[in-house]
Amino acid sequence: VRCLIKAFITMGNGVSTGGLANRKPIDATKFNKEIKHDVPANKRRKDFGGPTVNDDLVQFNDEQNKSILDEFSEILPTKNDYRKSYAPAYSTWLTEAILELQSYRSPEDLEFPLHVPDDVEPEDVPRYKAPSLFDPHDSELHSFDAIYQRTKDRVVPAPVSTGTSLYYSCLTIDTTQREIQLLQQLYESQAINSDTLIERLSFIFEFINNHSHNTSSILTPDQIPSSQYSLDVLGLPAIKNNHLTHFNSNSTDKILVKRSDPSLKGGSHNKRSRSIKVFVSSTFQDFQVEREYFTKILFPKIIQEPIVKERDVTINIIDLRWGITSEQSASGDVISICLSEIDRCRPFFIGLLGERYGWAQAMEVNDGTTEVATDLLLNQTFKKASNEFPWIEQFTDRSITELEIRHGVLNDLNSETSERALFYYREKESEIGRGVSYNGSTDERLIKLKNEIKLVMGETQVKNYDSLETVGNMIKNDLLSIIERDYEPNPIPDSELEREKSEHLSFAATRTKLYIGRRSYFDSITQYVTSKSSGSKELDDHINVPLTIIGESGIGKSALACNWAEEYKESNMDKLIIEHYIGCSTKSTDLITLLTRVMNEIAEFYKNQCQFPALPNDLSGLMTKFPEYLSISSQHGGAVIILDALDQLDSSTFSNVSLDWIPNFLPANVKIITSTTSKGEAFSVINSKTTTPWRKVSVCRFNEEEIRTFIHEYLQVLYGKTLDDEQISWVNKNANTSIPLFLRVLIDEIRLIGSYEKLNDRLKNYLSATSIPSLFDLVFERLENEMVEQKIEKEIIGKVLGRIWVSRRGVTEREILDMLKNEMPPAVWARIRIQLSEVLILSGAGEGSEGFLNFFHDYMKQGVENRYLYNEEKKRGFRSLMIDYFQDQSGTHQVSMQRKVEEVPYQMWMSRDWNRLSETIVDISPSGYFLNLANNPVLGVSARYDLYKYWRDCIQYKPNIHSEWASNIQFLISATTNQEPLSQKNLIHCDQVLKEVGRFLEDVASYDSAETVYKQSLDFDLTLIINNNHTKRNSDYVVDKITKLNSLANLLRLKGDFIPAKNYYSQSVSLCSGLSHDSTTNQKLKADTYNAQAAVFKACGNYDLAQSLYTQAMDVRRALYGSIHVDIASSLNHLACLHHELGNHNEAESNFKQAIAIREALLGLNHPDVANNYQDLGSLYMDQTQFGTAQPLYEKAGRIYQTIFGREHPKYAENLNLRAAMEQELGHFTVAQDLYQQSLGIKRKILSAFHPQIALTLNDMAVLFTRQDLYADAEPLYLEALKIREKCIGKSHPDYAQTLNNLGSLYQDMKRYNSALNCFTEALEINIAAFGNNHMNVANTCNNLAGVYQYLNQEQNSVDLYKKALRIYGELLGENHADVAVTLNDLAVLYYRGGKEEKAEKYYKKALGIYEKVFGEVHQDVGQALVNIGEVCKKQGKEREAEEKWERARMIYLSVFGASHGRTVAVDRLLDSLSH
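Residues numbered from 1 in each chain as written. Predicted model: local features only at pLDDT ≥ 70, side-chain atom pairs only at ≥ 80, totals over all residues. Heavy atoms only, no water.

A. Expanded view of the confidence of the model for the protein. Mean pLDDT over the protein works out to 75, with 74% of the residues at or above the 70 mark. The lowest-confidence element of the protein is helix 2 (residues 41-44), averaging 28 in pLDDT; the highest-confidence one is strand 14 (residues 639-644), averaging 95. Contacts of residues 261-272 to residues separated by more than four positions or lying in other chains number 39 contacts, the stretch itself having pLDDT below 50. In this model, residues 534-541 is a region of pLDDT below 50 whose contacts with residues beyond four sequence positions or in other chains number 16 contacts. (pLDDT = per-residue confidence, 0-100. Helix = DSSP H or I, 4+ residues; strand = E, 2+ residues; numbered from the N terminus. Contact = heavy atoms within 4.5 Å.)

B. Region of the structure containing the sheet that holds strand 13 (residues 577-581). Overall, parallel pairing links the five strands, which are arranged 13-14-15-12-16 in an open sheet. Edge positions in the open sheet fall to strand 13 and strand 16 (695-698), since each of these has one partner strand only. Each strand of the sheet is rotated relative to its neighbour by a mean of 15°, with strand direction disregarded. Here strand 13 runs beside strand 14; their pairing, made up of five bridges, is parallel. Looking at the pairing, His580 lines up with Leu643 of strand 14. In the packing of helix 19 (residues 519-530) onto the sheet, the strands contacted are strand 12 (547-551), strand 14, strand 15 (670-677) and strand 16, and the crossing angle to strand 15 comes to about 145°. Those strands touched by helix 21 (residues 591-605) are strand 13 and strand 14, and its axis lies near 165° from that of strand 13. (Pairing = 2+ DSSP bridges. Axes fitted to C-alpha atoms, helices over the stretch in contact; angles between N-to-C directions.)

C. Region of interest: a nonpolar patch on the surface. On the surface, a cluster of nonpolar side chains totalling about 290 Å² of accessible area is made up of Leu413, Leu455 and Val456. Turning to its location among the elements, Leu413 is positioned in the loop between helix 14 (400-410) and helix 15 (416-420). (Patch = residues over 30% accessible without salt bridge, like charges linked within 9 Å, V, L, I, M, F, W, Y side chains within 5 Å. Areas by Shrake-Rupley, 256 points an atom, 1.4 Å probe, with all protein chains shown as cover. Salt bridge = Lys/Arg side-chain N within 4 Å of Asp/Glu carboxyl O.)

D. Helix 35 (residues 897-910), seen in detail. With 14 residues, helix 35 extends 20 Å from end C-alpha to end C-alpha; this agrees with the ideal 20 Å at 1.5 Å per step. Of all 14 residues that make up helix 35, eleven are buried, and the element is covered over most of its length. Those residues of helix 35 lying buried are Arg899, Lys900, Val901, Glu902, Glu903, Val904, Pro905, Tyr906, Gln907, Met908 and Trp909. One or two steps after helix 35, the chain reaches Arg912, where phi turns positive at roughly 60°. (Expected span 1.5 Å × (residues − 1). Buried < 20%, exposed > 50% of the residue type's maximum accessible area, 1.4 Å probe, protein only.)

E. Structural view of the packing of helix 18 (residues 496-511) against helix 21. Running from N to C, helix 18 and helix 21 point in directions that differ by 115°, and their axes come no closer than 11 Å. Accordingly, the angle class assigned to the pair helix 18 and helix 21 is roughly perpendicular. Here the hand of the crossing between helix 18 and helix 21 comes out left-handed. Only Arg597, Asn600, Glu601 and Glu604 of helix 21 make contact with helix 18, whose side of the interface consists of Leu497, Glu500, Lys501 and His504. By residue class, the composition of the contact of helix 18 with helix 21 is one nonpolar, two polar and five charged. (Parallel < 35°, antiparallel > 145°, perpendicular 65-115°, else oblique. Left-handed = near helix turned anticlockwise from the far one by under 90°. Nonpolar A, V, L, I, M, F, W, Y, C, P; charged D, E, K, R; others polar.)

F. Quick peek at unusual backbone geometry. Omega for the peptide link from Arg346 to Pro347 comes to 10°, which places this bond in the cis form. Take Pro347: it is sitting in the loop between helix 12 (334-345) and strand 6 (349-353). Not every positive phi belongs to a glycine, and Ala645 is a case in point at roughly 70°. Topologically, Ala645 is positioned in the loop between strand 14 and helix 23 (654-658). Even without glycine at this site, Lys1311 takes up a positive phi of about 65°. With respect to the helices, strands and loops of the structure, Lys1311 is situated in the loop between helix 54 (1294-1309) and helix 55 (1313-1331).

G. Fine view of helix 18. With 16 residues, helix 18 should reach 22 Å at 1.5 Å per residue; the first-to-last C-alpha distance of 24 Å fits that figure. Every buried residue of helix 18 is accounted for by Leu497, Glu500, Glu503, His504, Phe507, Ala508 and Arg511. Taken down its axis, helix 18 places every buried residue within 135° of arc, on the same side. (Arc of directions from axis to C-beta.)

H. Representation of the packing of aromatic side chains within the structure. Scanning the model with the defined rule gives 25 aromatic pairs in all. Taken together, a centroid distance of 6.0 Å and an interplanar angle of 45° make the contact between Phe702 and Phe710 tilted. Both residues of the pair, Phe702 and Phe710, count as buried. Taking the centre distance of 6.0 Å and the plane angle of 50° together, the rings of Phe780 and Tyr868 count as tilted. Of this pair, Phe780 sits in helix 29 (residues 772-789) while Tyr868 is found in helix 33 (residues 858-868), placing the two residues 88 residues apart along the sequence. You'll find Phe780 and Tyr868 in the same group, each marked buried. In textbook terms, an aromatic cluster arises when at least three aromatic residues are bridged by ring pairs, as seen for Phe930, Trp951, Trp965 and Phe1000. Stacked on the ring of Trp805, the Lys or Arg Lys861 has its end atom at 5.3 Å from the ring centre. (Phe/Tyr/Trp six-rings, centres within 6.5 Å; stacked < 30°, edge-to-face > 60°. Lys NZ or Arg CZ within 6 Å of the ring centre and 35° of its normal.)

I. Layout of the pattern of salt bridges. On inspection of all chains with the given rule, the structure shows 57 salt bridges. Between Arg597 and Glu601 there is a salt bridge, with its nearest N and O atoms 3.2 Å apart. Linking Arg597 with Glu601, this pair stays in helix 21, spanning four residues, or about one helical turn. For the salt bridge of Glu1275 with Arg1312, the shortest nitrogen-to-oxygen distance reads 3.5 Å. Within this pair, whereas Glu1275 is found in helix 53 (residues 1271-1288), its partner Arg1312 is found in the loop between helix 54 and helix 55, the two being separated by 37 residues in sequence. Where salt bridges share partners, they join Asp397, Arg398, Glu402, Arg406 and Glu452 into one cluster.

J. Region of interest: a positive patch on the surface. Taken together, the side chains of Lys1363, Lys1399, Lys1402 and Lys1406 make up a positively charged region of the molecular surface. Broken down by element, the positive patch gets its largest block of residues, three residues, from helix 59 (residues 1397-1415). (Lys, Arg positive; Asp, Glu negative; His and termini not counted. Charge placed at Lys NZ, Arg CZ, Asp CG, Glu CD.)

K. How the structure looks around the nonpolar core. Counting residues in hydrophobic clusters, the biggest one holds 187 residues, and the most contacted among them are Leu646 and Trp661. When near neighbours in sequence (up to four residues on either side) are disregarded, Leu646 contacts Ile582, Leu659, Trp661, Ile662, Thr674, Ser675, Thr676, Ala682, Ile686 and Trp694. Judged by nonpolar contacts, the second largest core, of 132 residues, contains Ala1220, Leu1235, Leu1324 and Leu1426. (Core = buried A, V, L, I, M, F, W, Y, C linked by side-chain atoms within 4.5 Å.)

If you want it as structure tokens, here you go:
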């Protein structure tokens, strides 16, 4: 009683707020519909339970009232005056409510919510006694209509005047579960149809949502996407949108049964439903052969028919040879079960009749009188079924087969079932079923039944047959005709994007026919999607991060994602939901394909609302743009993106495995739902995200109750079969059956068993499997045995599956037939295809509309491997067969070049056949593989990445591949240009080959080979001109020529060959001047060319020319785009970097800020280009020692990089490098070292061992150790950096010279002056060769070389070099630049050490003046200059002046570094030396 009181009060709490006062009253007349069939009273009655109460009213005394109020004081209405004034009335009213509840005896004894007149006062409640409404034995109350009439005038009091009955609201919510159970019983017994069910359930859902007062029990409106959720919170089962929720007694969770099609629930035929069930009625013993044929051959074949597939129709055959348990049979449930199954299958019914009448009371003739014998079990069966189907009382002498036919068809000849029913009479002479015992006589009742059917149905629906083939063709044609008439074909996707989308939705459809899971999984995902979280940790404690579904393989993660998506889309049809199921095809596992598809979906959905930037073709570019697309979409409604099975991404690229392409912070309105197994790299990466952990939903194995539910819903609901309790107990004992995939495969197998006598043995055999792959092994064994039964060699199964296993993304049916044309005729393949229909899926877009056969789960692939490809020799054998087939092409089916490109090099690569693979990828003929891999219009960049992969591995085993390719190219050029007459087609082909080969070699860092090919490409242009055979218009030719020149110049810039690069760029710029101003493409090319040439001049120290070119590029872009465009921001950034290098800090700062403003406005705050600007501006401030201003910019950039790319990305590593350098300048050496090590760790993990970025960090960390005098630690780092740079860019590159410079400085500090001299000398030679004599790098090296000459006491050499450096700095940077000041300082040191204090003081003071102009009066370099001047003054005896300089230096160091810094401490010591 107290529990009930607490439930009532809890659900009624809060009504005094008046929150429900304005709700629209419920229209109870919605239920005024007649019910055609009522469930008998003795079937529906069920005691509610609870203690028996004899008194009409239980009176609580004051002490009991107080006890109740004290116990529930927290949940009673909160106004103290209310509790104080009306406590007795409240408790008395609750008592009455309990009594009223106890008076109800069955679920139908329910009234609907009624309103209380506002004039009923609370104090009147104790004097109002509600009479008992229902007599448990009242036969008139067996329908909702009668209950409504009895209760429509009933008024129930409420303790507060809100216009709503608290009592009845509580009562109805508490008893809605029974209300729905009654509806379910009425529906399942066919007492009401589906329309009535939906209407009445909708009424209940509306009532609960409108009358649930307790916010702790009922979700708030913004949390309720549909009525389903409020029911779930109340713990009520529901049937809505094909969902049925059961309470799981083993946990606090609820089992969710989700069906994708309304037809699974039974009821009338719905043409929108594309899932149909066909009930097959016949006698059992003599139709075993037909039923076996239907189940295993015919219906799987029909499912594969184009008419069925085009309409996305699923077909299930209901075959009740077994499935009715012995308990059900013994209890007389056979007829009820059979007739109920017919109702669930309407309107599809097939009747088979032969010479047997079936199970019926035997007709005996005694003394000339026909009598019906008595079969007691059959009598019991009739009697029990007559309660639900009263009409059968007129046919107690008929067979169950006849009852099925009458219930399905003959009782209502105007029904949809009658229109679609099909009957087939087996001719008496047929050999089918001859083995069955038959006495040769025919029951008269059978003859009458056949005649009646033929009379009322007509010849079109009643046919005769004499063989399996005949009846099979009849059924197939008849069913296909009905399906073609009833269902419209699905529209064919008209674009590549739609085809890709259709492929993923088709995969999802295979997982949504029936889903068994837990309601909490759905709720967790929905709560995540509907949560309002920001993408900024600073703005919201609930950061918007991705969510991942985690569980072991086969546990149902994909099914959960598919079914949640289907449910969510039902109530969010206006939102963008992108589903990408990795592994549903081989293409789906490619990250480039994934990102391209997702971003194209976003752009397509929002194409009328905003514009998106063009998609790049490379992975790095796509990863950069992905967050930008998400950010733009978030401003217009956002997206829900499902990325299922991250663990199945192609692991050949690190970014795939590291998941750094998924942002850790998502923009508002954007949600990313992923899934992965609980083992493997993807799971480890997600688990390591401790700073911003992803949200997680863990999927568990089935418990026993869920296993039972699955068996019932899958086996009985879909196929009309049932396991008995003992068999279910066997299933439960196998630990693997708790894995949904294992259980699904198991049930799929046993439903195919035709004989009940074989069921137990076969079930035990399948349950002997110890894993999912071993279960599949038993499936393959069964398939092989069935091949033998059909007189087909069993090895053919392995030959088919083996080829599919080794294929790149599956094979088409035409390919399989062609591969095995000598072993497997089409008729045999048709049988095999039917047998494999449950284990293969059709995915991908092949030639035309043909798809690829592939395995529906990775476990199946493991099973095939274990049985047919159990060693490498077997695998190589199948791969060799695939190569031979695609290369030979002597078969009847000509395979496209696209399929060859996909399969041939891939099979060679997997077989490690490097010789054949290298020959294949350097084949540059028109029909060769190189061009089709490098520039494939269908496969796109994924094919190009394959080419990189093949090249990378081939070159390890065949280092001479470059020379082979060079020979091929030279031969191609010679053959093309020497041909008489010249072939236009061949000239164009040769030109394309040279472009693509050069670009490819540059991409793989084969710079020397790439340079040769680019030059050949330019020369080939001359050949075209000389022979006057080029077909391009003049303007097109010029554009092509500019592109080639730019490609070669860019390559030379990468190599450090700046002088020839400048020459080629100059030619390019000259050609640009002649381009038409009307073409946007031409003008964009011109601006890009100016920018590229400017970069070379800047690198060479030609700053004026560089600035001029940058400005010209800006002018062209402004003419094209105006002042606000991303290309304008790019130009501003280039100019800012140039000004920074020139020491024009104000101009640099202004340009950086303008670029940032444009990019923030166009790209958003979380774009990598914006981060780049933050970082560049931070470096400008750091060079001016404005560390407090630089630090937040570095940190902002780092957060963006981490959000977009993740921690393990080169951009984030670069950011760590810069932050480390700043900490180093601040003297925080430990912090700096940690940051450098983090950066180095990331780079070593994601980049190749000899990558320039690794050399950069090694170099910088060595500088840190040098600053701390840790020379032994610094030297090996410099040497490793030198080794890397020598290998990747060569010893003539300026970056190599930079490391030599730094190593020389280290040797100088170590007093190894000769070693330092060698390093500086070599560095100077490299820089002069690269840049000429007038370059910053030359000046820097001269400065360093001058320093070492000081220590070698070669003063004149030192002075000459210092003055040369000063001249270069002055010309390039102007007289007031920090680098000029550094050299002046070094020259002053030289004079000071030589005893020339006056000269020293002069140069020190010049340096000080420049530092103050450049950095202001508070800067570490100003402090150092003051210290140096103080040293000179002290030596000259001017101690007061020295003290003044050192005091000022101390104040600067205190401000910049703090009191404990080494420089501050050193100045303190200098001041102490004066005081002593």
